[in-house]
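# Structure assessment
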2 protein chains.
Amino acid sequence: MTGATDITASDQTRARLLDAARGVFAQHGFQGATIREICRRAEANVAAVNYHFGSKDGLLAEALNFAPLKALQQANARAGDCPELRLRLFIRDFMLMLLDENNASTQCRIMARELADPTPALDQIVREAIAPLHEFLGELVREIAEKKTGEAELRRCVLSIFGQCLFYRHSHPVLQRLHPEMRYDDREIEAIARHIAEFSLAGIRHSAGAAR
Amino acid sequence: MTGATDITASDQTRARLLDAARGVFAQHGFQGATIREICRRAEANVAAVNYHFGSKDGLLAEALNFAPLKALQQANARAGDCPELRLRLFIRDFMLMLLDENNASTQCRIMARELADPTPALDQIVREAIAPLHEFLGELVREIAEKKTGEAELRRCVLSIFGQCLFYRHSHPVLQRLHPEMRYDDREIEAIARHIAEFSLAGIRHSAGAAR
DNA sequence: AAGCGTATCAAACACCTGTTTGAAATACAA
DNA sequence: TTGTATTTCAAACAGGTGTTTGATACGCTT
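Since the model is a prediction, treat every value here as computed from it, not as a measurement. (Residues numbered from 1 in each chain as written. Chains lettered and ligands numbered in written order. Predicted model: local features only at pLDDT ≥ 70, side-chain atom pairs only at ≥ 80, totals over all residues. Heavy atoms only, no water.)

Next up on the list: the overall build of chain A. If you tally the helices and strands in chain A, you get eleven helices and zero strands. The order of helices and strands in chain A, counted from the N terminus, is α-α-α-α-α-α-α-α-α-α-α. By its C-alpha atoms, chain A is 65 × 45 × 30 Å across when sized along the principal axes. Out of the 212 residues in chain A, the part that is buried amounts to 52%. Taking all contacts inside chain A whose residues are at least 6 apart in sequence as the whole, residues at least 24 apart take part in 69%. Surface accessibility of chain A: about 10100 Å² in total, with carbon and sulfur atoms responsible for 50%. (Helix = DSSP H or I, 4+ residues; strand = E, 2+ residues; numbered from the N terminus. Buried < 20%, exposed > 50% of the residue type's maximum accessible area, 1.4 Å probe, protein only. Contact = heavy atoms within 4.5 Å. Areas by Shrake-Rupley, 256 points an atom, 1.4 Å probe, with all protein chains shown as cover.)

This brings us to the packing of aromatic side chains. Enumeration according to the criterion identifies ten aromatic pairs over all chains in this entry. Summarising the aromatic geometry, the rings of phenylalanine 94 of chain B and phenylalanine 162 of chain B are spaced 5.7 Å apart at their centres and angled 85° between planes, so their arrangement reads as edge-to-face. Residue phenylalanine 94 of chain B is located in helix α6 (residues 83-99), and its partner phenylalanine 162 of chain B is located in helix α9 (residues 151-170); the two are separated by 68 residues in the primary sequence. As far as the burial class goes, phenylalanine 94 of chain B and phenylalanine 162 of chain B line up, both buried. On the numbers, 6.4 Å between centres and 75° between planes, the contact of phenylalanine 167 of chain B with tyrosine 168 of chain B is edge-to-face. Per residue, the accessibility class of phenylalanine 167 of chain B equals that of tyrosine 168 of chain B, and both read buried. An aromatic cluster is defined as three or more aromatic residues linked by ring pairs; in this entry it consists of Phe90, Phe94, Phe136 and Phe162 of chain A. Sitting over the face of the ring of phenylalanine 30 of chain A, lysine 56 of chain A holds its NZ or CZ atom 4.6 Å from the ring centroid. (Phe/Tyr/Trp six-rings, centres within 6.5 Å; stacked < 30°, edge-to-face > 60°. Lys NZ or Arg CZ within 6 Å of the ring centre and 35° of its normal.)

Facing the 45 residues of chain B at the interface are 45 residues of chain A. Taking both sides of the interface into account, the surface hidden between chain B and chain A amounts to around 4100 Å²; carbon and sulfur atoms contribute 66%. Looking only at chain B, the three residues that lose the most surface to chain A are Arg156, His170 and Phe199 of chain B, adding up to 16% of its buried area. Joining chain B to chain A, the criterion identifies six salt bridges. Between arginine 177 of chain A and aspartate 123 of chain B there is a salt bridge whose closest N-O contact spans 2.8 Å. At the surface where chain B touches chain A, the tally comes to 15 residue pairs in polar contact (both at pLDDT 80 or more). Per-element tally for the side of chain B that touches chain A: the top contributor is α9 of chain B, with 13 residues. Residues of the side of chain B that touches chain A, tallied by class, amount to 24 nonpolar, eleven polar and ten charged. (Buried area = accessible area lost by both parts, 1.4 Å probe. Salt bridge = Lys/Arg side-chain N within 4 Å of Asp/Glu carboxyl O. Polar contact = N/O pair within 3.5 Å; in protein donor to acceptor, adjacent residues only side chain to side chain. Nonpolar A, V, L, I, M, F, W, Y, C, P; charged D, E, K, R; others polar.)

If you check the shell around DNA strand D, you find 17 residues, and the closest are Tyr51 and His52 of chain A together with Thr34, Arg36 and Lys56 of chain B. Sugar and phosphate atoms represent 60% of those atoms of DNA strand D found within 4 Å of the protein. One of the side-chain N or O atoms of threonine 13 of chain A is found 3.1 Å from a phosphate oxygen in DNA strand D. One nitrogen or oxygen atom from the side chain of histidine 52 of chain A is found 2.9 Å from a phosphate oxygen belonging to DNA strand D. Looking at the surface near DNA strand D, the elements that each hand over two or more residues are α1 (9-32) and α3 (47-53) of chain A together with α2 (35-41) and α3 (47-53) of chain B. (Near = heavy atom within 4 Å.)

Here the focus is the domain arrangement of chain A. Residue and element names in this part refer to chain A. Here the domain parsing of chain A yields domain 1 (9-63) and domain 2 (67-209). A separation of 28 Å is found between the C-alpha centroids of domain 1 and domain 2. Contact with domain 1, which involves twelve residues of that partner, is made by eleven residues of domain 2. Taking both sides of the interface into account, the surface hidden between domain 1 and domain 2 amounts to around 880 Å²; carbon and sulfur atoms contribute 61%. Considering only the side of domain 1, the residues that lose the most area to domain 2 are Arg22, Ala26 and Leu60, jointly responsible for 43% of the buried surface there. In this structure, the connection of domain 1 to domain 2 is made through one residue pair in polar contact (both at pLDDT 80 or more). Among the secondary structure elements, those contributing two or more residues to the side of domain 1 that touches domain 2 are α1 and α4 (56-63). Broken down by element, the residue count for the side of domain 1 that touches domain 2 peaks at eight residues, all from α1. Classifying every residue of the side of domain 1 that touches domain 2 gives six nonpolar, four polar and two charged. (Domains from an automatic or database assignment.)

As structure tokens, this is what we get:
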């Protein structure tokens, strides 16, 4: 029988390739990742990527998965009515996604790497993941500022928050050299998230206070 | 006569290569930059880089110039006694270095690109530029917090400030897609710097207030 | 002008990249 | 079992990378 849900050998190699690709893309970035290493990890032939996904670009497009980010936003929207608390929760979950090595979702890390040099998939990433995320955080900040802040200033507050969060992932090689004793274990991630939340809440309230 | 300050033809190509290299490294990053493009811009032969600098790594090492960053710190130290004001000035000058297209110092931009993926020169960059910069900003934050903040929290404040600043450079491709109307002209850079300074001052004071 | 060390150049080198090829192996239906 | 379509594979391809080579041109002292 040829049911639509059959798991063929082909599907298995596809899955192995996607899994390996996510790991390698997250580790080396799109440009730095090589098809040969991906195939080595997936125990597949070099030609497999082009057979199953057409090209390296096609592999990246299918390796992207925006579900974890969307889930984060939906869970946060259901977390209650207090915007300050929701911001704290959001930052904590976001940092766990970005930094926790045990976290299965390498998605955020792949996208974080693409921020700097544009890949063919950047437009899609911005449209489907980053723009909604900024929108979401913008609403949250707006509630906290109680509409006392202008649009441009509000947008800059959102950028300040993302800037702080992404810095820890983006500059990891540098931070490791600056503070060799620091490890991204759960306790440290929680402390970082708490700092960013409190730091940012103070900044937002200050922006709202200096009504322009 | 063979004085030590003669400007030979060789020195001229050296200078042209260094100039071209700084531009290409800042634009494409170390990995993305090709020797052939650098030599094309410098109107030199492909073999010139290896003749004058030994290798691509050697070219990067000589292309780095930490003077502008040191000058920024020294000028800031002479700017008066009020630490809040000095932080505002520091952030403004730093952002001008990072974002102003007319700014001659591509140095900061080269280093900013290297943060993400380590190059052979990263250790040198951290030792000679980034570590002193963090040290400097740490002292400034310590004065503002009036010693009411623990070391770990103080360090995180410094990271929050750098995170916000570097985000605008690092995520420029994304921000361009998110807000196509935004331009990094002088007025905008000043506004960004003012926001980051006020946002961060509020955060630092909050940290100092919640004495632990 | 001759000689010598330096600088430049086109060309080639060795290696790595994503991709393609055509044959071999496998899976599946008749 | 036979025939057909799909999947895998080693090998080659075309293009790009940093680097090296050996000849040529140049600048400078004698």
